[in-house]
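Spelled out, the chains give:
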Amino acid sequence: MSRMKIGILTFHRAHNYGAMLQAYALHRVLSNMGHDVEFISYRQDAIENAYKPFPSNISLKNGIISNIKTLVATLIKYPRCITRIEAFKRFAKQYLPESVPYSKIKLQKAVLKYDAIFFGSDQIWTTRFLGTFDPVFWGNVKCKGKKIAYAPSMEMTSFTEAQIRFIKQNIRNFDAVSVREQSMQDIFEGLLEIKFPKVLDPTLLCEISDYQPILSKRIEGKENFVLLYQVGTDELSENLARKIAEDNQLELIIIDSKVDLYQRKESLDGIGPDGFVSLFRDATVVITNSFHGTAFSLIFERPFISVLVKGRETRIKSLLDIAGLENRSIYDSESGYPGDIMNIDYSIVRVNLKKEKSKSIEFIKTALQ
């Protein structure tokens, strides 16, 4: 295959560990194939505003007391937020090469000179973050080359009539479409009577050697620890992590998806995506309610438990089903957890993931032909 100029449209500017690392991984995979790859620097307002240190929700509508509380909380967190923001910016500058910046209007007017544009991965087709479907992520851009949807995620189970019309109309913008979850494959088969291929998240396409450039040294003094990575406040995940740490005489390290108001002594607020990956490499055991927390547990073959949160569990369940590790997830404290938590037979997991990886790489190569 000849060298191609490829653009990627995804949430690569989100200061979110999973978002930046899936972006890094897809860039790495395509670059390893010999292509010239960059991220199309789409400045999506909802994503750009979500990670600013000062909140955008201060408004006269909220009342004086509410605004004062918001401002005080922001000031308390501010130093830690800035440290994290700078860590993400350093990572992006070094590993996520961008095009010139585009607003939505500018991007939809431009004729993009790429041989192919990859849309995805990540939840670019959801309304949860953006409030509505964003036409840009549904292929409404002009490009001389192919448009390929690679593993976009949605995590939606029902749609309005208007959303169904939007999906049916805009899915035609793509030359090739794949999905990341079984539930999404089923939804589209029902809506469109088309069974799009299911592929792996880009992070699972990389070899360990692909992460070597971003791995940092082990944190001094952190030899044996439970790593808790949670998206949102999740009492079950934290209680479980603390219990396992206590039962096994392990230290506890906590990473939250956002900087919390009250900093616990176990929290590491200031690490970027590189430090995040390194902690998964070094953890004795991982507790997570996150899809990418689960993915990196698999990548580094760590003992782990995935805590399923109702309403956003489909991505994790689909991945664990592929890996053959459905028993590593729990919904509630009544479920208990595997008695021999420290042992997972990764020989079977390797075989399962290798098979799916081959299918995913083949989808990419075929779509580019």
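Bear in mind the structure is a predicted one, so any value in this text is a computation, not a measurement.

1. Description of the packing of helix H10 (residues 291–299) against helix H11 (residues 314–323)
And then number 1: Packing of H10 against H11 brings their axes to within 9 Å, and their N-to-C directions diverge by 20°. Our classification of the angle between H10 and H11 gives roughly parallel. The two elements H10 and H11 cross, and the hand of that crossing is right-handed. Where H10 approaches H11, its residues Phe-291, Thr-294, Ala-295 and Leu-298 are matched on the opposing element by Arg-315, Ile-316, Leu-319, Leu-320 and Ala-323.
And then number 2: Split by residue class, the contact of H10 with H11 holds seven nonpolar, one polar and one charged.

2. A short note on the pairing of strand E12 (residues 304–307)
And then number 1: Both faces of E12 are covered, namely the face carrying Phe-304 and Ser-306 and the face carrying Ile-305 and Val-307.
And then number 2: Relative to E12, strand E11 (residues 285–288) runs parallel, the two being bridged by three bridges. Note that in E12 the partner of Thr-288 across the bridge is Ser-306.
And then number 3: Viewed along the sheet, the connection from E11 through H10 into E12 turns out right-handed.
And then number 4: By the bridge criterion, two bridges tie E12 to strand E13 (residues 329–330) in an arrangement that is parallel. By the bridge assignment, Ser-306 is partnered in E13 with Ser-329.

3. Points about the pattern of salt bridges
And then number 1: Here the structure, examined in full by the defined rule, presents 21 salt bridges.
And then number 2: When the shortest N-O distance is used, the salt bridge between Glu-223 and Arg-218 registers 4.0 Å.
And then number 3: Residue class for Arg-218 comes out partly exposed when judged on its relative accessible area of 34%.
And then number 4: The closest approach of N and O atoms between Arg-264 and Asp-256, which form a salt bridge, is 2.1 Å.
And then number 5: Given a relative accessible area of 19%, Arg-264 falls into the buried group.
And then number 6: With a relative accessible area of 7%, Asp-256 lands in the buried category.

4. Here's the deal with the nonpolar core
And then number 1: If you look at the biggest cluster of nonpolar residues, it comprises 68 residues, and the most contacted ones within it are Phe-118 and Phe-276.
And then number 2: By residue number, the principal contributor to this core is helix H1 (residues 17–32), which donates nine residues.
And then number 3: When sequence neighbours within four positions are dropped, the list of residues in contact with Phe-118 reads Ile-6, Gly-7, Ile-8, Leu-9, Leu-26, Leu-30, Ile-148, Tyr-150, Ile-364 and Leu-368.
And then number 4: Among the nonpolar cores identified, the runner-up in size contains 38 residues, and Ile-124, Val-141, Val-177 and Leu-192 belong to it.

5. Examining unusual backbone geometry
And then number 1: Following Gly-120, the chain continues to Ser-121 via a peptide bond in cis, the omega torsion being 5°.
And then number 2: Within the secondary structure layout, Ser-121 lies in the loop between strand E5 (116–119) and strand E6 (142–143).
And then number 3: Positive phi, normally seen in glycine, also occurs at Ala-151, with a value near 50°.
And then number 4: In this structure, Ala-151 sits in the loop between strand E7 (146–149) and helix H5 (161–170).
And then number 5: The backbone of Glu-193 shows a phi angle near 60°, a positive value even though the residue is not glycine.
And then number 6: With respect to the helices and strands, the residue Glu-193 is situated in the loop between helix H6 (182–192) and helix H7 (208–211).

6. Focus on the sheet that holds strand E8 (residues 176–177)
And then number 1: What the six strands build is an open sheet, ordered E3-E2-E1-E5-E7-E8; its pairing is parallel. Edge strands, defined here as strands with exactly one partner in the open sheet, are strand E3 (98–102) and E8.
And then number 2: In terms of strand pairing, E7 meets E8 through two bridges, oriented parallel. Within E8, the position partnered with Ala-149 by the bridge is Val-177.
And then number 3: Against the sheet, H1 makes contact with strand E1 (5–9), strand E2 (36–42) and E5, and its axis sits at roughly 150° relative to E2, the strand it touches most.
And then number 4: In the packing of helix H12 (residues 346–368) onto the sheet, the strands contacted are E1, E5, E7 and E8, and the crossing angle to E7 comes to about 160°.

7. A word on the pairing of E2
And then number 1: In terms of burial, E2 is largely enclosed, as six of its seven residues are buried.
And then number 2: Note: E1 against E2, four bridges, orientation parallel. Opposite Gly-7, over in E2, you have Glu-38 as the bridge partner.
And then number 3: Crossover E1 to E2 through H1 is right-handed.

About the criteria used
- Residues numbered from 1 in each chain as written.
- Predicted model: local features only at pLDDT ≥ 70, side-chain atom pairs only at ≥ 80, totals over all residues.
- Heavy atoms only, no water.
- Axes fitted to C-alpha atoms, helices over the stretch in contact; angles between N-to-C directions.
- Helix = DSSP H or I, 4+ residues; strand = E, 2+ residues; numbered from the N terminus.
- Parallel < 35°, antiparallel > 145°, perpendicular 65-115°, else oblique.
- Left-handed = near helix turned anticlockwise from the far one by under 90°.
- Contact = heavy atoms within 4.5 Å.
- Nonpolar A, V, L, I, M, F, W, Y, C, P; charged D, E, K, R; others polar.
- Buried < 20%, exposed > 50% of the residue type's maximum accessible area, 1.4 Å probe, protein only.
- Pairing = 2+ DSSP bridges.
- Right-handed = clockwise from strand over helix to strand, strands pointing away.
- Salt bridge = Lys/Arg side-chain N within 4 Å of Asp/Glu carboxyl O.
- Core = buried A, V, L, I, M, F, W, Y, C linked by side-chain atoms within 4.5 Å.

Structural measurements only, silent on function.
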